[in-house]
Amino acid sequence: RIFKIKNKILEKYHEDGYLLADVQIDTVSARNRRINLVLNINEGQEVQVEKIRFHGNVNIDDDDLRDAMDEIKEDRWWRSADFNPEKYEEDKKLIVQYCKENGFRDAEILRDSISYNEDQTDLYIDIWINEGAKYYFGDITFTNNVIFEDAALLHALDIEKGDVYDQKKYDEGIRDRVQKLYYNQGYLFS
């Protein structure tokens with residue numbers, strides 16, 4: 001239980017940007033077979049994200065990748081930049097999603113690292129990316145469609161040959177527009 005208490009307290013400090021916080025818990029005997037807990041908390045300095053650096057990206061600008069991140073930002077005079085590990089993991093997924101929406105279907109984060117300055121008040125994030133090849137939509141054909149003609153399905157899909165590959169646009173075209181055409185005609189399992 002003491003271990004869980006310590007981890008919960010540290011988790012709260014980490015969420016608030018105190019990544020270097022330390023908690024020591026001592027036990028002191030009390031009456032009637034009880035013990036008291038003495039918590040010694042060293043909050044440390046609040047750590048701010050000073051810089052987010054990308055490596056390996058050739059076609060996508062660093063600023064665009066930083067902008068793709070929702071929660072983790074660099075420290076600026078108008079905003080603080082706390083680091084939350086859980087939100088950071090979500091933001092890494094958003095970086096890959098952004099790449100896929102801009103033609104880099106095979107994009108992946110190869111690795112990442114976190115480091116501190118000497119006095120451990122500033123945090124630096126390094127992310128290595130493999131963009132992969134840039135893709136474009138090619139010929140689009142439909143098979144086994146009897147209810148709607150190819151032209152109607154192509155119009156609903158809203159993708160043309162030569163468009164930059166965009167995973168989100170493709171998924172929305174199939175799920176939100178083409179399938180709705182069939183659903184509206186009563187074909188719920190098309």
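Per chain, residue numbering runs from 1 following the sequence as it is written. Reporting in this predicted model follows two pLDDT cut-offs: at least 70 for local features of residues, and 80 or more for side-chain atom pairs to be given and counted; totals over whole chains, interfaces and linings ignore these cut-offs and use all residues. As a convention, hydrogens and water are excluded, and side-chain values are obtained from all of the structure's heavy atoms.

## Let's talk about the pairing of strand β5 (residues 122-130)
Reasoning step 1: Note on classification: 1.4 Å probe, protein chains only; a residue is buried when its accessible area is under 20% of the maximum for its type, exposed when over 50%, partly exposed between these limits. Helix numbers and strand numbers start at the N terminus; a helix is a DSSP run of H or I with at least 4 residues, a strand a run of E with at least 2. Counting buried residues in β5 gives seven out of nine residues, a clear majority hidden from the surface.
Reasoning step 2: Bridge count for strand β3 (residues 48-55) against β5 is seven bridges, and the pairing is parallel. Considered in β5, the bridge of R53 is made with D126.
Reasoning step 3: Relative to β5, strand β4 (residues 108-116) is paired through eight bridges, and the arrangement is antiparallel. Of the residues in β5, the one forming a bridge with I109 is I129.
Reasoning step 4: Two strands are counted as paired when DSSP detects at least two bridges linking them. The antiparallel hairpin formed by β4 and β5 contains five residues in its connecting segment, where Q120 sits at a positive phi of about 60°.

## Things to note about the side chain of T121
Reasoning step 1: Within the element layout of this structure, T121 appears in the loop between β4 and β5.
Reasoning step 2: For this analysis, residues touch if any pair of their heavy atoms sits within 4.5 Å. Not counting residues within four places of it along the chain, the set of residues in contact with T121 comprises Q45, E46, V47 and Q48.

## Looking at the nonpolar core
Reasoning step 1: Joining through side-chain atoms within 4.5 Å is the link that ties buried Ala, Val, Leu, Ile, Met, Phe, Trp, Tyr and Cys residues into a set, and such a set is a nonpolar core. Among the nonpolar cores identified, the biggest contains 20 residues, and V49, I52, F54, I72, F83, I125 and I127 are the most heavily contacted of them.
Reasoning step 2: Listed by contribution, the elements that provide at least two residues to this core are β3, α3 (85-101) and β5.
Reasoning step 3: It is β5 that provides the largest number of residues to this core, a total of four residues.
Reasoning step 4: Sequence-distant contacts of I125, that is, excluding residues within four places in its chain, are made with V49, K51, I52, R53, I72, F83, Y88 and S113.
Reasoning step 5: L153, L157, I159 and Y182 belong to the second largest nonpolar core, which has nine residues in total.

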